[in-house]
Amino acid sequence: MKAGKVAGVKLILNNWFLLLIVLFSVAGLLDKVILVFSAVIFHELAHIITAANLGYNVKEIELLPFGAVAKIEGISTVKPAVDIMISIAGPLFNIGLSLILYIFIVEEIYLLDKTILNFYLKVNLVLAAFNLLPALPLDGGRILRAILALKTDYKKATEKVVALSYIVCIFLSLTFGLQYYLYGSLNMTLLVAAIFIFVKSKKEITIANFRSMHLAASKKSLFLSKKILPVAQLIAGENIYLKDIIKSFKAEEYNIVILVDENLNLKQTFTETQVLEGLTEMGIKTKIKDLI
């Protein structure tokens, strides 16, 4: 649901976020919902400011139950290090704000009611801690994927983090059940979080599958505008599958594949575009020699 704009950026309320607000409202905690809402907004503004300073344009923010996702132009082509910087900004802001609130409470600097300060301190700590869980689409999952992507293929990194996301879902669900068994309390926040992560993390696999195609299109657009691109070269044997070659492609460079025989004699050269188109048209069992 669209909820207007913040600093020129579209604000969308995710259905899961709305559900969480309803749960708080039913419990008579509507005033606290506003504080939670503001913490989420500040969390996401930290992402936006970081992305903007790194030269990326933010079009839209979707508020989720325990954070938000900013739709940033060109985010799928950023280097892992940049992705880490943007992702960590939100949790770091919440931690920093929590530290300031803690100092206010200890020093008895009550700009607001002490109860409100204590609650806001806990909200920011929980928001930071939850977003740092190693699960997609949370910040922690994005950071972990970026770290793994430094040494492996983006798709493989995504698959590993999604598998870990499922484990996080199981942990949250078991915690929900254990709390009910031991204390008779229903912590619906845990249940909503588990379902949310499960649903959203599954979509990350689909997104990763189309990333290579999107990267190729982005590079073509960049070349048309600048007329120059950095190049990465790969040497491949005749019987290497295209799907395996793509795993070695570098996101920030245009890839050239040099086909050689067993004696390392040059047979032919293929561009990244040719390899991707060959994979699309001929299937995953296509070898590099089939493109000749």
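The text that follows walks through the structure, step by step, so that each part is easy to find. (Residues numbered from 1 in each chain as written. Predicted model: local features only at pLDDT ≥ 70, side-chain atom pairs only at ≥ 80, totals over all residues. Heavy atoms only, no water.)

1. Looking at the sheet that holds strand β6 (residues 254–260)
Part 1 of the argument: Judged by pairing direction, the sheet is mixed, and its three strands sit side by side in the order β5-β6-β7 without closing on themselves. The outermost strands of the open sheet, each flanked by one partner alone, are β5 (231–236) and β7 (266–271). Each adjacent strand pair in this sheet contributes to an overall mean axis angle of 25 degrees, direction not counted.
Part 2 of the argument: Pairing of β5 with β6, which is carried by six bridges, proceeds in the parallel orientation. The residue bridging Ala-236 from the neighbouring strand is Leu-259, located in β6. (Pairing = 2+ DSSP bridges. Helix = DSSP H or I, 4+ residues; strand = E, 2+ residues; numbered from the N terminus. Axes fitted to C-alpha atoms, helices over the stretch in contact; angles between N-to-C directions.)

2. Some remarks on helix α3 (residues 80–106)
Part 1 of the argument: The end-to-end C-alpha distance of α3 is 39 Å, a good match for the 39 Å that 27 residues give at a rise of 1.5 Å each.
Part 2 of the argument: When the local axis directions of α3 are compared, the greatest deviation, roughly 35 degrees, occurs at Ala-89, which is followed within four positions by the proline Pro-91.
Part 3 of the argument: Looking at the residues trailing α3, positive phi occurs at Glu-108, about 60 degrees. (Expected span 1.5 Å × (residues − 1). Bend = angle between axes of the 7 residues up to and from the residue.)

3. Things to note about the packing of α3 against helix α4 (residues 114–131)
Part 1 of the argument: Between α3 and α4, the shortest axis-to-axis distance is 8 Å and the interhelical angle comes to 155 degrees. With respect to α4, the element α3 is oriented roughly antiparallel. The two elements α3 and α4 cross, and the hand of that crossing is left-handed. Along the contact surface, α3 presents Pro-91, Asn-94, Ile-95, Leu-97, Ser-98, Leu-101, Tyr-102 and Ile-105, while α4 presents Lys-114, Leu-117, Asn-118, Tyr-120, Leu-121, Asn-124, Leu-125, Leu-127, Ala-128 and Asn-131.
Part 2 of the argument: For the contact of α3 with α4, the per-class residue count stands at 12 nonpolar, five polar and one charged. (Parallel < 35°, antiparallel > 145°, perpendicular 65-115°, else oblique. Left-handed = near helix turned anticlockwise from the far one by under 90°. Contact = heavy atoms within 4.5 Å. Nonpolar A, V, L, I, M, F, W, Y, C, P; charged D, E, K, R; others polar.)

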